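# Secondary and tertiary structure notes
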Amino acid sequence: MTWTAIVLAAVAASLLVAPPPRLERRGPDGVVAGTRERFGPVVVVACSGAAALAVTAVDGLRLALASILAATTGGTVLLVRRSAQAKVAQRRQALVVDVAEALSGELLAGQPLLRGLERCVEVWPEVDTVVSAARLGADVPTALRRLARLPGAEGLREVASAWQVAERSGGGLVTALSQVAASARVRQGTRHLVRGELASAQATARLVALLPVASLAMSAGIGGDPWHFLLGTAPGLACLGIGVLLAFAGLLWIDRIAAGVLRG
């Protein structure tokens with residue numbers, strides 16, 4: 001029953017941090033937008049049931065250990081999900097640069113705007129919503145800004161601004177897009193440089209977070225019994241809980257600093 005309670009607590013924690021399923025909703029402008037359905041009552045019921053089973057199955061120390069394990073599981077899932085989201089945003093940033101260069105190249109070659117946008121779909125399929133707006137004669141800059149709301153696609157706002165200025169002033173869109181593509185390429189190089197400098201700091205933070213585990217293993221190897229203190233006594237569980245909390249807080253803090261630097 002002890003391990004059953006621990007597993008149930010871990011599942012409850014994963015429900016708290018896991019993203020709810022996405023639903024498709026078509027807005028008044030015809031563009032499909034993603035919405036998130038809220039499952040608050042379901043999560044509350046699941047967590048309450050797991051907590052009730054844990055209380056009836058284990059004593060105080062084991063319940064504290066189950067809670068720490070659940071918190072560790074939730075923190076790990078959160079870190080992994082943030083890392084995956086950062087990688088997706090990084091890929092989008094590169095695709096925005098490729099789209100700007102592809103559109104500029106198509107226009108320089110004498111292709112019409114619609115053909116240039118269709119070429120961009122081959123580079124980045126998510127641009128298909130912008131192509132649909134152009135085919136229907138809708139506001140292309142608005143469609144670009146809507147797509148720029150995606151994490152990592154913020155650079156499309158400059159493409160939208162260049163498009164809008166060219167429409168209003170009658171100026172050449174090719175020149176404006178070429179400048180946007182050149183500046184986006186420079187920013188991408190700067191982000192690569194900054195990301196490389198931050199990688200060592202993030203790796204050091206992860207290594208420091210794992211050092212206590214290595215120390216405990218070494219202590220057990222020379223005849224000590226640190227695991228009994230940590231997992232079987234109230235002061236040890238208190239130290240373990242505080243240590244896990246500080247470790248995850250430090251990892252989230254360094255990730256947030258890195259994300260802020262890259263956004264700047």
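Each residue is numbered by its place in its chain's sequence as written, counting from 1. Local features in a predicted model are, by the rule used here, given only for residues with pLDDT of at least 70; side-chain atom pairs are given and counted only at 80 or more, and totals for whole chains, interfaces and linings are based on all residues. Each side-chain value is worked out from all heavy atoms of the structure, with water and hydrogens disregarded.

## Observations regarding the overall build of the chain
- Helix and strand counts for the chain come out as ten helices and two strands.
- Helix and strand definitions here come from DSSP, where helices need a minimum of 4 consecutive H or I residues and strands a minimum of 2 consecutive E residues; each element is numbered from the N-terminal end. Ordered by position from N to C terminus, the α and β elements of the chain give α-β-β-α-α-α-α-α-α-α-α-α.
- Counting all 264 residues of the chain, 28% fall into the buried class.
- Contacts spanning at least 24 positions in sequence make up 56% of the contacts within the chain whose residues lie at least 6 apart.
- In this description, accessible areas are obtained by the Shrake-Rupley approach with a 1.4 Å probe, and a residue is regarded as covered only by the protein chains that are shown. Element-wise, carbon and sulfur atoms account for 66% of the exposed surface of the chain, whose accessible area totals about 15,700 Å². Classification of residues uses two cut-offs on accessible area relative to the type maximum, computed with a 1.4 Å probe and protein chains only: under 20% is buried, over 50% is exposed, and between them is partly exposed. Pairs of residues are marked as contacts when any of their non-hydrogen atoms sit within 4.5 Å.

## Here's the deal with the side chain of E106
- Its place among the elements puts E106 in helix α3 (residues 60-108).
- When residues no more than four places from it in sequence are discounted, the contact partners of E106 are Q111, G116 and R119.

## Re helix α5 (residues 128-135)
- Buried within α5 we find V130, V131 and A133. For α5, the arc enclosing every buried residue in end-on projection is 160 degrees, short of the 170-degree limit, so these residues lie on one face.
- Residues of α5 that are buried in the fold lie against α4 (113-123) and α6 (140-147).
- Just downstream of α5, G137 is the residue with a positive phi angle, here 75 degrees. The reported arc concerns the directions from the helix axis to the C-beta atoms and nothing else.

## Points about the pattern of salt bridges
- Whenever a carboxyl oxygen of Asp or Glu lies within 4 Å of a side-chain nitrogen of Lys or Arg, that contact is scored as a salt bridge. In total, this model carries eight salt bridges according to the counting rule given.
- Of the charged contacts, one joins D98 and R185 as a salt bridge, the two residues approaching to 3.6 Å between their closest N and O atoms. In this pair, D98 is assigned in helix α3 and R185 in helix α8 (residues 173-221), connecting sequence segments 87 residues apart.
- Residue E118 is joined to R135 by a salt bridge in which the shortest nitrogen-to-oxygen separation is 3.1 Å. One end of the pair, E118, is in helix α4; the other, R135, is in helix α5, with 17 residues separating them in the sequence.
- A relative accessible area of 26% means that E118 is categorised as partly exposed.
- Among the residues examined, R135 registers a relative accessible area of 51% and is labelled exposed.
- Several salt bridges converge on common partners, so that one network encompasses D98, E101 and R185.

## Description of the nonpolar core
- One finds W124, V130, L144 and L156 to be the most contacted residues of the largest nonpolar core, which totals 29 residues.
- Sequence-distant contacts of L144, defined by excluding residues within four places in its chain, comprise V130, L156, V159, A160 and W163.
- Side-chain atoms within 4.5 Å are what join buried Ala, Val, Leu, Ile, Met, Phe, Trp, Tyr and Cys residues into a set we call a nonpolar core. Membership of the second largest hydrophobic core comes to seven residues, among which are I68, A205, L237 and V244.

## Describing the packing of α4 against α5
- At a minimum axis distance of 9 Å, the contact between α4 and α5 shows a crossing angle of 160 degrees. On the basis of their axis angle, the class for α4 and α5 is roughly antiparallel. Both α4 and α5 take part in a crossing whose hand is left-handed. Across the interface between the two elements, L114, L117, E118 and V121 of α4 pack against D128, V130, V131, A134 and R135 of α5.
- When residues are sorted by character, Ala, Val, Leu, Ile, Met, Phe, Trp, Tyr, Cys and Pro go into the nonpolar class, Asp, Glu, Lys and Arg into the charged class, and all the rest, Gly among them, into the polar class. Grouping the constituent residues of the contact of α4 with α5 by class yields six nonpolar, no polar and three charged. Axis definition: a line fitted to C-alpha atoms, limited for helices to the stretch in contact. Angles are taken between N-to-C directions and run from 0 to 180 degrees. Every angle not falling under 35 degrees, over 145, or within 65 to 115 is termed oblique; those three ranges are roughly parallel, roughly antiparallel and roughly perpendicular. What makes a crossing left-handed is the near helix being turned counterclockwise from the far one by less than a right angle; a clockwise turn instead makes it right-handed.

## Description of the environment of V99
- Checked against the element boundaries, V99 lands in helix α3.
- When its relative accessible area of 7% is taken as the criterion, V99 is described as buried.

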